[in-house]
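# Commentary on secondary and tertiary structure
If you want the building blocks of each chain, they are given just below.
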Amino acid sequence: MVESRKVEDLHLRNLTKRFGDFVAVDDLTLTIPAGSFFALLGPSGCGKTTTLRMVAGLEDPSEGSISIGEQDVTGLRAFKRPVNTVFQSYALFPHLDIFENVAFGLRRRGVKDIKPAVEAMLELVELTPMARRKPKQLSGGQQQRVAVARALINEPEVLLLDEPLGALDLKLRRQMQIELKRIQMEVGTTFVHVTHDQEEAMTMADTVAVMNEGRIEQMGAPADIYELPETVFVARFLGQSNLFAGRRESSGSDSVTVAAHGQQFTIPNSRNNAPGGDVIVGVRPEKMTIVDAGDPIPDAHDRIAGRVVDVSYTGVSTQYLVKTSWGEEISVFEQNDVVGDQSAVGDSVEVHWARDHAFGLDGTGTSADDVESAMPVV
Amino acid sequence: MRFVRRHILTVAAFIVLVYLFIPVAVVGVLSFNDPPSKYNTKWYGFSLDAWTNMCGIPGVCESFVESIKIGLISTFVATVLGTMVAFALVRYRFRGRKTTNLLIFLPMATPEVVMGSSLLALFLNMTFPLGTTTVIIAHIMFTISFVVVAVKARLQGLDPSLEEASRDLYADSRATFQHVTFPLVAPGIAGAALLGFALSFDDFIISFFNAGTLVTFPIYVWGAAQRGIPVQVNALATLVFLVALAIVLIAQFVAWRRRKALQADMASRDADLKALSMDALSRS
Ligand SMILES: Nc1ncnc2c1ncn2[C@@H]1O[C@H](COP(=O)(O)OP(=O)(O)OP(=O)(O)O)[C@@H](O)[C@H]1O
Ligand SMILES: [Mg+2]
């Protein structure tokens, strides 16, 4: 087993990368705490790989700096940085066997007596019997573990993983997620894990940063980001959200009232991120409850009337699509824990939610049409 | 009838092989001939003379050694230069890269007669004495193209992330070249060198133009053919064929050994896995 070691925070300051006129990474400033499992989540082309490559030293930043603890590594060549990468395509050396692949970093640094270290590492990733095989003779999941072992054996301050599970099928992915998490806990190294799978980011990471067009939109613990997204992009990219564009009507000491589509919605002040008068009200589908029109609704709940246009039963839950009077389709997820009637297509219903579950987003410069479609932006 | 239908492919392959190897076989058989005159075209009787006394005819062995020497030198130089050109063409962006890429193909597309005669014209204009040097220069020139093409293909097929991974794993550019790039490109370079040697060894036209009084093996054979080819030529040709065959067989044998070793490894691993899962079962 590998000893847990003291590791240091990774700081990115005003990190920018331009390719010609195109800004791939835009003024990124963030601190990744030592020993954390950090996920960089974002859609394709948002600059995740470019960010990792700059940290690894494989790409020179146009501006900004990178440091590990107190040490500025911006100018250091890749082979001098205490950082190792698990590549998107694994990039295992095809001419070397598994043992030599894992030993590569130690050999280059002239470490003596590497056999025990390599064997311990192969043990950690459960590949001991494969030591003398060539990479091509391993399955995708095994190759992935070799790539992790080859990087980790160098005891880097930071391990960078670029969509390491992207090439695996769903079942193996889930298995490897657990595996990677176990390895991370065992070695205590900072993991920066790039993915565009939001579920993967949320289940694995301590901290998730949602990236869009070269910028970090929001960063925090998975539950915090999910419960209180700060931008429309995050609300959509991380799970689903029902959004209603409106204007602030009045502000109380602990809540604001927003008028949208001739109705009033209330958001706790602590959950309102709109600085101005244009406010987008957001509610997660699973926070909503569906009742027949006219049924009583609890206190401190807001409501919307509509008609069910689609019902899909998914086992643990039922997903409804409800069309409002202004034509927006909202999603509602209900647990299948109630006995008795369920709403059917065509029913007139009311959807309601606790005001404490609503959140407010900045609606400046966005039109209702931009915001109010049930499609997630992926 | 059914037998024929089932084995038609094997039969066809066999016929093609016979077709390919009859000339070689004839040459081989005639190397043991004992002709009374210079004309070694029909069977007279068995003799080992040509094999035991390979250099018995004046000039045969000298020309053979000359050809080997020219082949080795020109292959070495062409391989080194060609490999460097290939790296430059694939790895660096510079002015004239596209043109170079195109020009590299030219020697392969030029008829040998044209290339041979224009080289001769060049050497004569420069009053450069014809001989081994001019032949080597000519051979390097036309082998380089083949080396560049072969190595370039190999390099282009190389995943750039392999070299990045190497840099990421504490290898500086030198170590990356030594431990990753070169081993991965080496099979391409070796193949190019073998091809280059074969091309040089059997070149007649270009050598003939630029050899002056020098006699290479193909030139010797050509000259001898006018007067009747000595049996020693058959023996030498058979020897070359046998050496080539041996190289191929050794390569096959090594590959087969590796496969065997791997299968053994897989089998033992399967046993390991079985033991492991039994162990897990008994624990749970
Ligand atoms: N060498 C390059 N030259 C020009 N543009 C580039 C280069 N590398 C990346 N880009 C651009 O920068 C943007 C970000 O690329 P990057 O590879 O970081 O995306 P990503 O977030 O990793 O996407 P994916 O999830 O698809 O891997 C893309 O629009 C890409 O086209
Ligand atoms: Mg990427």
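### Brief notes about the overall build of chain B
- Within chain B one finds 12 helices and zero strands.
- Reading the helices (α) and strands (β) of chain B from amino to carboxyl end gives α-α-α-α-α-α-α-α-α-α-α-α.
- Scaling as 2.2 N^0.38, a compact globule of 284 residues should have a C-alpha radius of gyration of about 19 Å, whereas chain B reaches 26 Å, well beyond that.
- Principal-axis analysis of the C-alpha atoms places the extent of chain B at approximately 90 × 65 × 40 Å.

### Focus on the overall build of chain A
- When helices and strands are counted, chain A shows nine helices and 20 strands.
- Taken over the C-alpha atoms alone, chain A extends approximately 75 × 45 × 35 Å along its principal axes.
- When the 378 residues of chain A are sorted by exposure, 53% land in the buried category.
- For chain A, the proportion of contacts with a sequence separation of at least 24, taken over those separated by at least 6, is 68%.

### Focus on the interface of chain A and chain B
- Taken residue by residue, the interface counts 29 residues in chain A and 23 residues in chain B.
- For the chain A and chain B pair, buried surface summed over both sides reaches about 2,300 Å², with 62% attributable to carbon and sulfur atoms.
- Considering only the surface of chain A that becomes buried against chain B, A:Phe79, A:Arg108 and A:Arg133 emerge as the three largest contributors, covering 26% of it.
- A salt bridge links A:Arg53 to B:Glu164; the nearest nitrogen and oxygen atoms lie 2.8 Å apart.
- The interface formed by chain A and chain B includes seven residue pairs in polar contact (both at pLDDT 80 or more).
- Put simply, the parts of the chain that give the side of chain A that touches chain B at least two residues each are helix H1 (48-56), strand S6 (83-86), helix H2 (98-108) and helix H4 (140-152) of chain A.
- Partitioned by chemical class, the residues of the side of chain A that touches chain B number 15 nonpolar, seven polar and seven charged.

### Considerations on the site of ligand 1
Residues and elements named next belong to chain A.
- Around ligand 1, the structure places 13 residues, and the nearest of them are Ser44, Gly45, Lys48, Thr49 and Thr50.
- Contact distances for ligand 1 include 2.8 Å between an oxygen atom and a side-chain N or O atom of Lys48.
- For the shell around ligand 1, the elements supplying multiple residues, two or more each, are strand S2 (22-32) and H1.
- Of the residues forming the shell around ligand 1, the biggest block, three residues, is contributed by H1.

### Topic: the domain arrangement of chain B
All names here are of chain B.
- Annotation of chain B at the domain level lists domain 1 (1-55 + 234-270) and domain 2 (58-229).
- Just the C-alpha atoms count here: the centres of domain 1 and domain 2 sit 28 Å apart.
- On the side of domain 2, eight residues touch domain 1, which itself brings eight residues to the contact.
- Between domain 1 and domain 2 the total buried area reaches about 770 Å² when both faces are included, carbon and sulfur atoms providing 74% of it.
- Counting the surface domain 1 buries against domain 2, the share from its top three residues, Lys38, Cys55 and Leu236, is 56%.
- For the pair domain 1 and domain 2, the interface holds zero salt bridges.

### Some thoughts on the confidence of the model for chain B
Residue and element names in this part refer to chain B.
- Looking at chain B, pLDDT values average 87 and 93% of them are 70 or higher.
- Helix H8 (residues 160-168) holds the highest mean pLDDT among the elements of chain B, 94, whereas helix H12 (residues 231-283) holds the lowest, 76.
- For this predicted complex, the interface confidence comes out at an ipTM of 0.81, alongside a pTM of 0.79.

### Examining unusual backbone geometry
- Positive phi, close to 45°, is recorded for A:Glu213, a residue that is not glycine.
- Examined against the element boundaries, A:Glu213 turns out to sit in the loop between strand S9 (207-212) and strand S10 (215-220).
- A:Glu213 gets classed as exposed once you look at its relative accessible area, which sits at 64%.
- The phi angle at B:Tyr170 is positive, at roughly 70°, despite the residue not being glycine.

### A look at the sheet that holds strand S17 (residues 317-324) of chain A
All names here are of chain A.
- Strand order in the open sheet formed by five strands is S15-S19-S16-S17-S18, with antiparallel pairing between adjacent strands. Lying at the two open borders of the sheet, with one neighbouring strand each, are strand S15 (289-292) and strand S18 (329-335). Across the sheet, the mean angle separating the axes of adjacent strands is 45° when strand polarity is ignored.
- Bridging between strand S16 (residues 301-313) and strand S19 (residues 348-354) involves seven bridges; their strand directions are antiparallel. Residue pairing in the sheet places Ile304 in a bridge with Val351 of S19.

### Thoughts on the packing of helix H4 (residues 60-91) of chain B against helix H11 (residues 217-227) of chain B
Residue and element names in this part refer to chain B.
- Direction vectors running N to C along H4 and H11 enclose 145°, while the axes themselves pass 7 Å from each other. On H11, the residues touching Val60, Ser63, Phe64 and Ser67 of H4 are Phe217, Pro218 and Tyr220.
- Here the contact of H4 with H11 is composed, by residue class, of five nonpolar, two polar and no charged.

### What about the pattern of salt bridges?
All names here are of chain A.
- Scanning all chains against the criterion turns up 22 salt bridges over all chains.
- Of the charged contacts, one joins Arg182 and Glu186 as a salt bridge, the two residues approaching to 3.4 Å between their closest N and O atoms. Here Arg182 pairs with Glu186, and both are found in helix H5 (residues 170-187), just four residues apart, close to one helical turn.
- What makes Glu186 partly exposed here is its relative accessible area of 21%.
- The salt bridge partner of Asp302 is Arg355, with a shortest N-O separation of 3.1 Å. Separated by 53 residues along the polypeptide, Asp302 in strand S16 and Arg355 in the loop between S19 and strand S20 (359-362) bring together distant segments of the chain.
- The class for Asp302 is buried, based on a relative accessible area of 4%.
- Overlapping salt bridges, with partners in common, bring together Glu126, Glu179, Arg182 and Glu186 in one network.

### Concerning the state of the cysteines
Residue and element names in this part refer to chain B.
- Tallied over the full model, the rule gives one disulfide over all chains.
- Shown here is the disulfide that connects Cys55 with Cys61, its sulfur atoms set 2.0 Å apart. Across the S-S bond of Cys55 and Cys61 the torsion is about -85°, and the bridge reads as left-handed.
- Using a relative accessible area of 12% as the deciding quantity, one classes Cys61 as buried.

### Some points on the sheet that holds strand S5 (residues 71-72) of chain A
- Read across the open sheet, the four strands follow the order S2-S1-S4-S5 (chain A); overall the sheet is antiparallel. One side of each edge strand has no neighbouring strand; the edge strands of this open sheet are S2 and S5 of chain A.

### Details of the packing of H8(B) against helix H9 (residues 173-202) of chain B
Residue and element names in this part refer to chain B.
- Two numbers describe how H8 lies on H9: the axes approach to 10 Å, and their chain directions differ by 160°. In terms of their interaxial angle, H8 and H9 are classed as roughly antiparallel. Crossing hand, H8 versus H9: right-handed. Across the interface between the two elements, Leu162, Glu163, Ser166 and Arg167 of H8 pack against Thr176, Val180, Thr181 and Leu184 of H9.

### Some words on the domain arrangement of chain A
- Segmenting chain A into domains produces domain 1 (10-227) and domain 2 (242-372).
- Centre-to-centre, using C-alpha coordinates, domain 1 of chain A lies 39 Å away from domain 2 of chain A.

### Observations regarding the environment of A:Val283
- By secondary structure assignment, the location of A:Val283 is in strand S14 (residues 278-283).
- In this structure A:Val283 touches A:Ser241, A:Asn242, A:Phe244, A:Met288, A:Trp353, A:Ala358 and A:Phe359, once residues within four positions along its chain are discounted.

About the thresholds
Residues numbered from 1 in each chain as written. Chains lettered and ligands numbered in written order. Predicted model: local features only at pLDDT ≥ 70, side-chain atom pairs only at ≥ 80, totals over all residues. Heavy atoms only, no water. Helix = DSSP H or I, 4+ residues; strand = E, 2+ residues; numbered from the N terminus. Rg over C-alpha atoms; globule rule 2.2 N^0.38 Å. Buried < 20%, exposed > 50% of the residue type's maximum accessible area, 1.4 Å probe, protein only. Contact = heavy atoms within 4.5 Å. Buried area = accessible area lost by both parts, 1.4 Å probe. Salt bridge = Lys/Arg side-chain N within 4 Å of Asp/Glu carboxyl O. Polar contact = N/O pair within 3.5 Å; in protein donor to acceptor, adjacent residues only side chain to side chain. Nonpolar A, V, L, I, M, F, W, Y, C, P; charged D, E, K, R; others polar. Near = heavy atom within 4 Å. Domains from an automatic or database assignment. pLDDT = per-residue confidence, 0-100. Pairing = 2+ DSSP bridges. Axes fitted to C-alpha atoms, helices over the stretch in contact; angles between N-to-C directions. Disulfide = S-S within 2.5 Å. Parallel < 35°, antiparallel > 145°, perpendicular 65-115°, else oblique. Left-handed = near helix turned anticlockwise from the far one by under 90°.

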